[in-house]
Amino acid sequence: MKRSLMLIAAVLGSVAAGSAVAYDADWKRGRVYYRQICTSCHTAQMPKPIAPNDKVKADWAAYLQADKHAKGKETVKQYFGKPYRASIKATNQAAAKFAEVPDQDLLDDVKAFLQKGAKDGDAPASCS
Amino acid sequence: MSATKIYVFKRFERFWHWAQMLLVLTLLTTGFEVHGAYRLFGFERAAGYHTIAAWSLVGLWVFAIFWHFTTGEWKQYIPTLAKVDAMIKYYALGIFTDAPHPFRATRLKKHNPLQRLAYLGVLLFISPLIWVTGWFYILHDNWTAWGWDKYLSLETVAFFHTVAAFMMLIFLIAHVYLTTAGHTPTSHIKAMITGWEEVGDEETGAPAAK
Amino acid sequence: MRNSTTRRWQGVVAGLWLISAGAFAAAEIKEAKEAPPVRLDSTADHSKFKQLQGTFDSGPKVTKACLSCHTEAARQVHRTKHWTWEFLNPDNQQRLGKKNVLNNFCISISQNYPFCTSCHVGYGWKDKNFDFAAEENVDCLVCHDTTGNYKKLPGLAGHPAYKPVETPPGSGNMVKPPDLAKIAQKIGKTSRDTCGACHFFGGGGDGVKHGDMDSSLAAPDKDLDIHMDATGLDFTCATCHATSSHDVPGSRYKPTATDKHGAHIRGKMGQGNPATCQACHGNTPHKEKARLNTHAEKIACQTCHVPTFARGGVATKMSWDWSTAGQKGADGKHMTRKDDHNHVIYDTRKGDFVLGEKVKPEYRWFNGDISYTLLGDKVEKSDVPTGVNRIGGSPADGRSMIWPMKVMRGVQPFDPINKTLVMPHTAGNDDIGFWKNLEWEKAIADGMQNMGAPFSGKVDFIKTEMFWPITHMVAPKDKALACAECHSADSRLKGIDGIYMPSHSQKRWLDIAGWLAAAATLLGVLIHGALRIVMSRRK
């Protein structure tokens, strides 16, 4: 009995592990998406552009967790969605190039770039 | 006082003349811009228009040469020194005193002797100079491939092309002015538009050239 | 009973197991059609290698782990300029390379080793006694890092930080030591980031030296560089600088100014430098406007296709005047002055700078020959700048093209008695380095002694210039130079001899004569016409 249960657990466990290989975030893709989507829009529409090293890692994590953009009027996630990318891809090369990337992967990429480029990250990055 | 009119310029001839006028004006305008005299279209467009106009003029000339030889009209340009002195005298003096025009155009002789000489000069000197240098210019892209770059320099080609262009400009100024020096100030121009030239009264008009 | 219950349960479980196993099997078959996820960028996932598990407390230890598989790698690197910092120019036998040359930026590496060698592909070059034969001294990570977290700090002689380091000293900014194991496990191909870690920062800072290479090329957009465009072609440096055996082609010590080989074809031998434009595009790349191919017989591609350099938002140094170094602030301390763009234009330790962004290059006939003024070569102080390097080229030698150049202008220390350039010891927290002590004599004496070069003890300053051919930051074709940039009175190629440019090179006397003749004709006919009118009125 015990053996059987262990067997089941082992099988289920291995299946779960096999189907959910952790996504290895690509910070370089995140960097491109961040600059061409986040930075370019903020630069065009706000007096002071945002930069990864404006915040510490924990702040960026909290910001993405809270998922509030424009003082809570909208989500941050929508800017990583395929519909948003499709809507701007005619004029935005990053949106065009990454049009088919799964939303979560792209979000993870940018998250990885922000963690790396945060004020206390491994390689703090300014806006440029 | 009824003016005598004769049909001097045939339809193709008139078309040729006015089309050529447009092309030559385009070539002069764009050419001197390419040369750097002023800025009008911008270098790139000026050079582009210049090339297009040059090719168009080549096409027009192919037709014109064909026409001249098939119709025998080329004989209009055979030079004659007869009455050249009379023409010079007329332009220098007679024209002011309303003396009769020493030349009377006919179907067979539509250009006065001075005109013949001038046009022949254009045909034999200015045009060849401008054409040959122009061709070299157009073919510049192939100089290296054809080995011409050993014998030609763009500077020399450009120099003679420019010299010819200035001569063409001077011809043009004189030519335009002399169109007013016909039987009446507008008779030459009318002739080139309608084909019919007023050649003066039957009674008082100058005798037709032989 | 208990046994039978157990058995029953076992039976149920076994049944369930069979059913679920069947279901899983079906799923397996379906999944088998879609291959399991696989890395496509490499045949090896280095995180799975046992040699790279655990922690590493130094760079050389990582290298040893690398070499346990890549047995030839270090000795391949040993053969390259990246390692030796030496290059023998086969044309003029000049011994070049960073180890030997001077420039008019930070001048030279002599006695500044631990700082300069933060850009050496090795560990531990802290003085001239460095062991160039040691395999474990090769730094694999600096070129093959993919995390972007590997950093070699100035002053550590090519080592990364192994403990938190305040950078720059006194700034309070602590740089964390990189996690070497993590970096080693994520090793990969070189990238714009890895090459750029040094080449973007040549001359002591971002964009300082080259003008056509700075950190903006790490992830550039299309307008900045059509090939490296991160959302487009996304070329890495090695796409053009196609490397084999760790030896990167396309050096500026012996550039290819004219490439008549045409586009490279696989298998064809002797095709030359793979990093030239022609190596891909051939010699007649313009399909629509053939006339431009004619231009390309005399004009380097870069002349039209790199309209300006330092275009990515990072300024480059255009001149550096060392003679004004040493001025201190009112408080008696070192100071800096900045311009409106927040660029430092004066530094007590370094003197005055002029910086430029979106700079129009200067243009020169260039045949690829470069000779350097090396230590010991005689120089004369004059108003004409001394070439730290001099480029060869003329319209008539049959192998020159008109190239865009960044001309770096400087005023730098020299020895007025021996009439040579000098190599001062600048960096370092000691009582000799100029940047700390601001005493030229001592700093130069130390730098020269290290090279075994004579120094009279006298210091004067000499005007210098240095040529840097421009080749990166290739704009999209619609942003290439328009005709009128050169075909105009105010031509970019003003003063370049041996070419006739319509709209620029016309002969003045011909124009004057031509227009006068035309004007005279016009005046003549106007007078003639006026006379006719007057005469006819009189009647």
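Residues numbered from 1 in each chain as written. Chains lettered and ligands numbered in written order. Predicted model: local features only at pLDDT ≥ 70, side-chain atom pairs only at ≥ 80, totals over all residues.

A. Focus on the overall build of chain B. Helix and strand content of chain B: seven helices and two strands. Seen in sequence order, chain B has helices and strands lined up from the N terminus as β-α-α-α-α-α-α-α-β. Taken across its 210 residues, chain B has 23% of its residues classed as buried. Put simply, 70% of the contacts in chain B that link residues at least 6 apart link residues at least 24 apart. (Helix = DSSP H or I, 4+ residues; strand = E, 2+ residues; numbered from the N terminus. Buried ≥ 20, exposed ≤ 12 C-beta atoms within 10 Å, placed from the backbone. Contact = placed C-beta atoms within 7 Å.)

B. Region of interest: the pairing of strand 5 (residues 316-321) of chain C. All names here are of chain C. Sheet topology places strand 5 next to strand 8 (residues 351-356); five bridges connect them, and they run antiparallel. Bridged to Trp 320 within strand 8 is Phe 353. Sheet analysis places strand 5 next to strand 13 (residues 401-415), joined by three bridges and oriented parallel. By the bridge assignment, Ser 319 is partnered in strand 13 with Arg 409. (Pairing = 2+ DSSP bridges.)

C. Molecular detail of the interface of chain B and chain C. Of the residues lining the interface, 25 residues belong to chain B; the matching set on chain C comes to 30 residues. Examining the composition of the side of chain B that touches chain C, we find that 12 residues originate from one element, helix 6 (residues 154-178) of chain B, more than from any other.

D. Seen up close, the environment of Leu93(B). All names here are of chain B. One can find Leu 93 in the loop between helix 3 (84-92) and helix 4 (113-138). The exposure class of Leu 93 is exposed, given the 10 C-beta atoms found within 10 Å. Between the C-alpha atoms of Leu 93 and Pro 128, which are 35 residues apart in sequence, the distance is 33 Å.

E. Seen up close, the environment of Met213(C). All names here are of chain C. Checked against the element boundaries, Met 213 lands in the loop between helix 8 (192-199) and helix 9 (237-240). With 28 C-beta atoms packed within 10 Å, Met 213 lands in the buried category. Considered as a pair, Met 213 and Phe 200 are 13 residues apart in the sequence and their alpha carbons are 5.2 Å apart. Non-local contacts of Met 213, meaning those with residues more than four positions away in its chain, are made with His 199, Phe 200 and His 472.

F. A look at the nonpolar core. Counting residues in hydrophobic clusters, the biggest one holds 67 residues, and the most contacted among them are Leu102(C), Ala300(C), Met401(C), Ile402(C), Trp403(C), Val422(C) and Ile444(C). The greatest single-element share of this core, amounting to six residues, is contributed by strand 13 of chain C. Of all hydrophobic cores here, the second largest spans 26 residues; its members include Ala94(A), Leu114(A), Phe200(C) and Ala218(C). (Core = buried A, V, L, I, M, F, W, Y, C linked by C-beta atoms within 7 Å.)

G. Summary view of the packing of helix 2 (residues 27-45) of chain A against helix 6 (residues 103-117) of chain A. Residue and element names in this part refer to chain A. Close contact between helix 2 and helix 6 brings their axes to 7 Å; oriented N to C, the two are set at 95°. When the interaxial angle is binned, helix 2 and helix 6 end up roughly perpendicular. Contacts from Trp 27, Arg 29, Gly 30, Arg 31, Tyr 33 and Tyr 34 of helix 2 reach helix 6 at Leu 106, Asp 109, Val 110, Ala 112, Phe 113 and Lys 116. For the contact of helix 2 with helix 6, the per-class residue count stands at seven nonpolar, one polar and four charged. (Axes fitted to C-alpha atoms, helices over the stretch in contact; angles between N-to-C directions. Parallel < 35°, antiparallel > 145°, perpendicular 65-115°, else oblique. Nonpolar A, V, L, I, M, F, W, Y, C, P; charged D, E, K, R; others polar.)

H. Looking closely at the packing of helix 1 (residues 11-35) of chain B against helix 6 of chain B. All names here are of chain B. Interhelical geometry of helix 1 versus helix 6 gives an angle of 135° and a closest axis separation of 11 Å. Taken together, helix 1 and helix 6 sit at an angle that is classed as oblique. In the packing of helix 1 onto helix 6, the handedness of the crossing is left-handed. Mapping the contact onto sequence places Val 24, Leu 28, Gly 31 and His 35 in helix 1 and Thr 162, Ala 165, Met 168, Leu 169 and Leu 172 in helix 6. Of the residues that constitute the contact of helix 1 with helix 6, the class distribution is six nonpolar, three polar and no charged. (Left-handed = near helix turned anticlockwise from the far one by under 90°.)

I. Quick look at helix 2 of chain A. Residues and elements named next belong to chain A. The end-to-end C-alpha distance of helix 2 is 25 Å, a good match for the 27 Å that 19 residues give at a rise of 1.5 Å each. At Tyr 34, helix 2 is deflected by roughly 35°, the largest bend along its length. Burial in helix 2 covers these residues: Trp 27, Lys 28, Arg 29, Gly 30, Arg 31, Val 32, Tyr 33, Tyr 34, Arg 35, Gln 36, Ile 37 and Cys 38. In this fold, the buried residues of helix 2 make contact with helix 5 (93-97) and helix 6. (Expected span 1.5 Å × (residues − 1). Bend = angle between axes of the 7 residues up to and from the residue.)

Take it as geometry only, folks, not as evidence of what the structure does.
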